[in-house]
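Observations on the three-dimensional arrangement
Residue strings, one per chain:
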Amino acid sequence: MNVLVTGGAGYIGSHTALSLLEAGHDVVVLDNLCNASQESLRRVEEIADRSLTFIEGDIRDRACLDQLFNEHSIHAVIHFAGLKAVGESVEQPLAYYATNVAGTVTLCQAMQQAGVFRLVFSSSATVYGPDAPVPYQENMPRGRTANPYGTSKSMVEQILEDVVRSDQSWSVALLRYFNPIGAHPSGRLGEDPQGIPNNLMPYIAQVAVGRRESLTIFGNDYATTDGTCIRDYLHVMDLAEGHVSALDRLTLSGAHIYNLGTGQGLSVIQMVEAFERISECSIPYQFAPRREGDLDAFWADSNKADAELGWQARRGLDDMMADTWRWQRQNPNGYRTNINTTSEGTS
Ligand code: NAD
Ligand code: UFG
């Protein structure tokens, strides 16, 4: 298949582009590089020993999309492009709705005009909201959302369900990711957040490599065994392979929802200890008050993805830690060769 990957230069997109190439698909990446470097794609080509097509452009730019669909015979779209910083979404809701919601609508309009009706969308476990019992199952209703980022994912799910209801030509997979971490085992591809990382694993890795002094753990008074939050962390290569599996499912019309997680919850402290054990680095940390919007504990029931896609997370915690550490050690400044750590801010 010839697959358009929006946001393909980013963290999950670049790993998925590699899995697609390795599975024999052709790949066209559309990315505006607002949160990524083209270096990731150069490395994808190097690892796969195959080339892909890169187009620098924006999902909100209808003319750019129309030209892309005219010039390339696209069979399916995997749509990663979007903004994902929860805190920033509270400060800049319009930017989040413009990119994540309006951008997806523009993409779907261009797909419809081009006669492309197969779409895989990056959704999130955040759509279950604070009241859903764990483990989360796909048939549970979408819940309240705590921030514009989460609301944008929930809105897009609703929009896509309406679209498939209106026209049986559409086949859409809504993939609800839990917490992707890790990196390609080569150490050549990984997560490269700009500025101070929002997420746990890149923060831990930057402490280990000396870019940050210590980790701040948000809250140690949750109703969990050690008082810190519990999440379902899955290896980004497992997640990437989940997208390749979902593509095969896109022969059936309708909207198909799948949780992609391991089914196992781990606390922040357990993650720190696992990283220390594998990297043999000490990660100093201190506790701070809870971060607004964090839920105490959730993890996936991924049996549906297993039954219908034949997908399971295969890689374990030690692989996630070893691959994160290899990537960070080999690329202390991510895809950039030079960085001034004082100007990016240490904390
Ligand atoms: P990322 O920021 O690394 O990748 C997103 C990519 O989209 C970047 O390369 C960015 O440059 C590009 N982009 C952003 N706006 C664009 C636009 N208007 N036009 C074209 N390209 C644009 O993020 P990621 O972690 O790889 O996440 C990919 C998707 O998965 C996002 O939609 C995100 O919301 C979703 N998701 C991520 C997580 C996670 O924990 N990383 C969890 C659940 C869902
Ligand atoms: N945490 C810290 N210190 C940090 C960063 C995180 O203690 O510096 C804690 C958080 O408080 C939370 C846990 O580590 O308890 C995981 O936090 P992350 O920010 O890594 O992940 P989240 O579960 O908050 O959110 C991630 C993505 C969202 C997505 C969600 C879905 O960032 O986009 O997973 O599960 F919606």
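Residues numbered from 1 in each chain as written. Chains lettered and ligands numbered in written order. Predicted model: local features only at pLDDT ≥ 70, side-chain atom pairs only at ≥ 80, totals over all residues. Heavy atoms only, no water.

Things to note about the overall build of the protein
Of regular secondary structure, the protein possesses 12 helices and 13 strands. Here the C-alpha radius of gyration of the protein, 19 Å, is about what a compact globule of 347 residues would show, namely 20 Å. Taken over the C-alpha atoms alone, the protein extends approximately 55 × 45 × 40 Å along its principal axes. A buried classification covers 54% of the 347 residues belonging to the protein. The long-range fraction of contacts in the protein, counting pairs at least 24 apart against all pairs at least 6 apart in sequence, stands at 80%. As displayed, the protein offers around 14400 Å² of accessible surface, 46% of which is attributable to carbon and sulfur atoms. Taken as two groups, the 26 positive and 42 negative side-chain charges of the protein have centres that lie 1 Å from each other. (Helix = DSSP H or I, 4+ residues; strand = E, 2+ residues; numbered from the N terminus. Rg over C-alpha atoms; globule rule 2.2 N^0.38 Å. Buried < 20%, exposed > 50% of the residue type's maximum accessible area, 1.4 Å probe, protein only. Contact = heavy atoms within 4.5 Å. Areas by Shrake-Rupley, 256 points an atom, 1.4 Å probe, with all protein chains shown as cover. Lys, Arg positive; Asp, Glu negative; His and termini not counted. Charge placed at Lys NZ, Arg CZ, Asp CG, Glu CD.)

Focus on the confidence of the model for the protein
This prediction gives the protein a mean pLDDT of 96; 97% of its residues lie at or above 70. Note that pLDDT drops below 50 for residues 338–347; the model gives that stretch 19 contacts with residues more than four away or on any other chain. (pLDDT = per-residue confidence, 0-100.)

Details of the state of the cysteines
All chains considered together, the criterion is met by 0 disulfides. Take Cys34: it sits in no disulfide, and the sulfur closest to it among the cysteines is that of Cys64, at 14 Å. (Disulfide = S-S within 2.5 Å.)

Section: the packing of helix α3 (residues 62–71) against helix α5 (residues 93–114)
For any two helices packed against each other, the geometry is given by the interaxial angle and the distance between the axes. Interhelical geometry of α3 versus α5 gives an angle of 35° and a closest axis separation of 9 Å. Crossing angle aside, the handedness with which α3 passes α5 is right-handed. On the side of α3, the interface is formed by Arg62, Leu65, Asp66 and Phe69, while α5 contributes Thr106, Leu107, Gln109, Ala110, Met111, Gln113 and Ala114. Considered class by class, the residues forming the contact of α3 with α5 number 6 nonpolar, 3 polar and 2 charged. (Axes fitted to C-alpha atoms, helices over the stretch in contact; angles between N-to-C directions. Left-handed = near helix turned anticlockwise from the far one by under 90°. Nonpolar A, V, L, I, M, F, W, Y, C, P; charged D, E, K, R; others polar.)

Re the domain arrangement of the protein
The domain boundaries assigned to the protein delineate domain 1 (2–180 + 233–260) and domain 2 (182–232 + 263–300 + 309–330). Each of domain 1 and domain 2 has a C-alpha centre, and the two are 24 Å apart. Counting residues at the interface gives 37 residues for domain 1, matched by 33 residues for domain 2. When the two sides are added together, the surface that domain 1 and domain 2 hide from each other amounts to roughly 3100 Å², 63% of it contributed by carbon and sulfur. If you sort the residues of domain 1 by the area they bury against domain 2, Tyr233, His235 and Asp238 come out on top, with a joint share of 27%. At the junction of domain 1 and domain 2, the tally comes to 5 salt bridges. Between Glu191 and Lys84 there is a salt bridge, with the nearest N and O atoms lying 3.7 Å from each other. Applying the counting rule to domain 1 against domain 2 returns 13 residue pairs in polar contact (both at pLDDT 80 or more). Looking at the side of domain 1 that touches domain 2, the elements that each hand over two or more residues are α1 (11–22), α2 (39–48), β10 (233–235), α8 (236–249) and β11 (254–260). (Domains from an automatic or database assignment. Buried area = accessible area lost by both parts, 1.4 Å probe. Salt bridge = Lys/Arg side-chain N within 4 Å of Asp/Glu carboxyl O. Polar contact = N/O pair within 3.5 Å; in protein donor to acceptor, adjacent residues only side chain to side chain.)

Some thoughts on the sheet that holds strand β5 (residues 118–124)
Taken in spatial order, the 7 strands make up an open sheet running β3-β2-β1-β4-β5-β6-β11, and their pairing is parallel. At either margin of the open sheet sits one strand with a lone partner, and together these are β3 (53–56) and β11. Here the average twist between neighbouring strands, direction ignored, is 20°. Judged from the 4 bridges that link them, strand β1 (residues 2–6) and strand β4 (residues 76–79) form a sheet pairing that is parallel. When the bridges of β4 are listed, Val5 appears paired with Ile78. Here α3 sits on the sheet and contacts β1, β2 (26–31), β3 and β4; the angle it forms with β2, its principal contact strand, is near 170°. (Pairing = 2+ DSSP bridges.)

Some words on the nonpolar core
Ranked by size, the top nonpolar core spans 38 residues in total, and within it Leu20, Val27, Leu52, Val120, Leu175 and Leu247 carry the most contacts. Broken down by element, this core gets its largest block of residues, 6 residues, from α1. When residues are assigned to domains, this core turns out to be shared by domain 1 (2–180 + 233–260) and domain 2 (182–232 + 263–300 + 309–330), each giving three or more. For Leu247, the contacting residues outside a window of four places in its chain are Met1, Val3, Leu20, His25, Ala76, Ile78 and Val120. Listed in part, the 26 residues of the second largest apolar core include Leu65, Ile74, Val116 and Ile257. (Core = buried A, V, L, I, M, F, W, Y, C linked by side-chain atoms within 4.5 Å.)

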